Amino acid sequence: MITITLMGQLQTTDGERDLACELPAPVTVRQVIQRQGRGLRHMLQLLREKKVLVTINKRIASEDSIVQDGDAVRFVGHDGAGGSGLAPSF
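Criteria and cut-off values
- Residues numbered from 1 in each chain as written.
- Predicted model: local features only at pLDDT ≥ 70, side-chain atom pairs only at ≥ 80, totals over all residues.
- Heavy atoms only, no water.
- Helix = DSSP H or I, 4+ residues; strand = E, 2+ residues; numbered from the N terminus.
- Buried < 20%, exposed > 50% of the residue type's maximum accessible area, 1.4 Å probe, protein only.
- Contact = heavy atoms within 4.5 Å.
- Salt bridge = Lys/Arg side-chain N within 4 Å of Asp/Glu carboxyl O.

Draft legend 1. Structural view of the overall build of the protein chain. In terms of helices and strands, the protein chain carries two helices and seven strands. Put simply, the protein chain runs from its N terminus to its C terminus through helices and strands in the order β-β-β-α-α-β-β-β-β. Evaluated residue by residue, the protein chain yields a buried proportion of 38% over its 90 residues. Contacts spanning at least 24 positions in sequence make up 51% of the contacts within the protein chain whose residues lie at least 6 apart.

So this is what it looks like as structure tokens:
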């Protein structure tokens, strides 16, 4: 089982922010998104446009990074200039 968390203004097409799914074997972040179907499909485009930061267990990852059972995957939306929560808070 892995957990998927959508941070900031990101959400699935159904408005969800927290998801859990079973993995039969280690897969890439891209495959995790594809397995979630329509609800997360827009995330692939955002990743390609570099508008989303992805982490696995709090470490920066990419769409080609491997996700394994027990991992926590987070997607954080950003505009490249820290405009949506990636900038330091004062």
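Draft legend 2. The pattern of salt bridges, seen in detail. Enumeration over the complete set of coordinates arrives at three salt bridges. The shortest N-O distance in the salt bridge between Asp64 and Arg30 comes to 2.1 Å. With Asp64 in the loop between strand S5 (59–61) and strand S6 (66–67) and Arg30 in helix H1 (residues 29–35), this residue pair connects regions lying 34 residues apart in the sequence. For Asp64, a relative accessible area of 47% puts it in the partly exposed group. Relative accessible area serves as the criterion here: at 25%, Arg30 is assigned to the partly exposed category. In this structure, Glu49 and Lys51 form a salt bridge, with 3.4 Å as the shortest nitrogen-oxygen distance. When its relative accessible area of 42% is taken as the criterion, Lys51 is described as partly exposed. It is possible to trace a salt-bridge network through shared partners that takes in Arg30, Glu63 and Asp64.

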